[in-house]
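Observations on the model geometry
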Amino acid sequence: MNNPTQRSIKWLSFAILFFATLYFAFIYAKTIDQLWIHKTIVWNQDKLTWQIFIIAGRFIATAILYVFCCIFLVRTNRSLKNGDIFPRSNVSLLRWTALVVALASFVHSNYDDVISGCQMSTLDGNTLFYPLIVLFFAGLYKIAYLTAKDSSLAI
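In short, a report on the structure.

About the thresholds
Residues numbered from 1 in each chain as written. Predicted model: local features only at pLDDT ≥ 70, side-chain atom pairs only at ≥ 80, totals over all residues. Heavy atoms only, no water. 1 Å grid on protein atoms, 1.4 Å probe; cavity = no way out; pocket = protein on both sides within 12 Å on 5 of 7 lines; lining within 4 Å. Points joined across faces, edges and corners; volume = space filled by probe spheres on them. Helix = DSSP H or I, 4+ residues; strand = E, 2+ residues; numbered from the N terminus. Nonpolar A, V, L, I, M, F, W, Y, C, P; charged D, E, K, R; others polar. Expected span 1.5 Å × (residues − 1). Buried < 20%, exposed > 50% of the residue type's maximum accessible area, 1.4 Å probe, protein only. Contact = heavy atoms within 4.5 Å. Phe/Tyr/Trp six-rings, centres within 6.5 Å; stacked < 30°, edge-to-face > 60°. Lys NZ or Arg CZ within 6 Å of the ring centre and 35° of its normal. Axes fitted to C-alpha atoms, helices over the stretch in contact; angles between N-to-C directions. Parallel < 35°, antiparallel > 145°, perpendicular 65-115°, else oblique. Left-handed = near helix turned anticlockwise from the far one by under 90°. Polar contact = N/O pair within 3.5 Å; in protein donor to acceptor, adjacent residues only side chain to side chain. Core = buried A, V, L, I, M, F, W, Y, C linked by side-chain atoms within 4.5 Å.

1. With respect to the layout of surface pockets
Here the idea is plain: a probe the size of a water molecule rolls over the atoms and shows the empty space left. Its boundaries defined by the atoms lining it, the largest pocket holds a volume of some 580 Å³. As for the largest pocket, its lining consists of 19 residues, of which Leu-65, Tyr-66, Cys-69, Thr-97 and Val-101 are closest to the centre. Sorting elements by how many residues they give to the lining of the largest pocket places helix H2 (residues 48-81) first, with nine residues. Across the lining of the largest pocket, the residue classes tally to 15 nonpolar, three polar and one charged. In this structure, the second largest pocket encloses a volume near 250 Å³. Lining the second largest pocket are Gln-6, Arg-7, Lys-10, Ser-13, Phe-14, Leu-17, Leu-73, Val-74, Asn-77, Arg-78, Leu-80 and Lys-81. Taken together, the elements giving at least two residues each to the lining of the second largest pocket come down to helix H1 (3-37) and H2. Considering only residue class, the lining of the second largest pocket consists of five nonpolar, three polar and four charged.

In structure tokens form, the structure reads like this:
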């Protein structure tokens, strides 16, 4: 791969990490604000375990997605230096990301109700749709990896 393409991918990776860091910091600050500073959470004693699960799940899922993003970008940039376009290890990382995206979507769809103390829980279409999209891209990534591997063997 030529140098201008590698540089553009490197700068795009830095931009993605910058915005991902801002988003993670925003989620962290908002959670701290809602829990301890302004205490805007309406605690419902009947659903206390559910509320704790959703609030913790939101933070944990966001943190895991942030770490997965960092790992993906580091692996990709490192493999580009070695001349490999698609590292094989990213395929399994994308599959695990689909599982975490399912958790994050589920938690996101219930978060506002949990904060307001509502006893309802919802399951929307995004909880299944987003992970399927990530799994689809994981499949495409695997095909790209196998194609690149086959292409390098043919040359």
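2. Focus: H1
Over its 35 residues, H1 extends 49 Å from the first C-alpha to the last, a length consistent with the 51 Å expected when each residue adds 1.5 Å. Of all the positions in H1, only Ser-13, Ala-20, Ile-27, Thr-31 and Gln-34 are classed as buried. In this structure, the buried side of H1 is in contact with H2 and helix H3 (89-115). Positive backbone phi, at 50 degrees, marks Lys-39, one or two positions downstream of H1.

3. Digging into the packing of aromatic side chains
Scanning the entire structure with this criterion turns up 11 aromatic pairs. Taking the centre distance of 5.3 Å and the plane angle of 90 degrees together, the rings of Phe-86 and Tyr-141 count as edge-to-face. Within this pair, whereas Phe-86 is found in the loop between H2 and H3, its partner Tyr-141 is found in helix H4 (residues 126-154), the two being separated by 55 residues in sequence. Judged by relative accessible area, Phe-86 falls into the partly exposed class, the value being 25%. Of the residues examined, Tyr-141 reaches a relative accessible area of 9% and is grouped as buried. Ring centres of Phe-129 and Tyr-130 lie 6.1 Å apart, and the angle between their planes is 50 degrees; on these two criteria the pair is classed as tilted. Assessed through its relative accessible area of 46%, Phe-129 is described here as partly exposed. What links up through ring pairs into an aromatic cluster is the set Phe-24, Tyr-28, Phe-59 and Tyr-66. Positioned over the ring face of Tyr-111 is Arg-58, at 4.0 Å from the centre of the ring.

4. As for the packing of H1 against H2
Contact geometry for H1 and H2: axes closest at 10 Å, N-to-C directions at 165 degrees. The angle between the axes of H1 and H2 places the two elements in the roughly antiparallel class. Considering the relative orientation of H1 and H2, their crossing is left-handed. For the contact of H1 with H2, the class distribution of residues is 17 nonpolar, seven polar and four charged.

5. Remarks on the environment of Tyr-141
Residues Tyr-141 and Leu-94 lie 47 residues apart in sequence; the distance between their C-alpha atoms is 8.7 Å. Setting aside its immediate chain neighbours within four residues, Tyr-141 contacts Phe-72, Thr-76, Phe-86, Pro-87, Asn-90, Val-91 and Leu-94. At a separation of 3.1 Å, a polar atom in the side chain of Tyr-141 contacts the side chain of Asn-90.

6. Focus: the nonpolar core
By size, the foremost hydrophobic cluster in this structure holds seven residues: Ile-41, Ile-54, Ile-55, Val-107, Tyr-111, Val-114 and Ile-115. When contributions to this core are tallied by element, the ones reaching two or more residues are H2 and H3. Here the element with the most residues in this core is H3; it accounts for four residues. Residue contacts for Ile-115: discarding those within four places in its chain leaves Gln-34, Thr-40, Ile-41, Val-42 and Ile-55.

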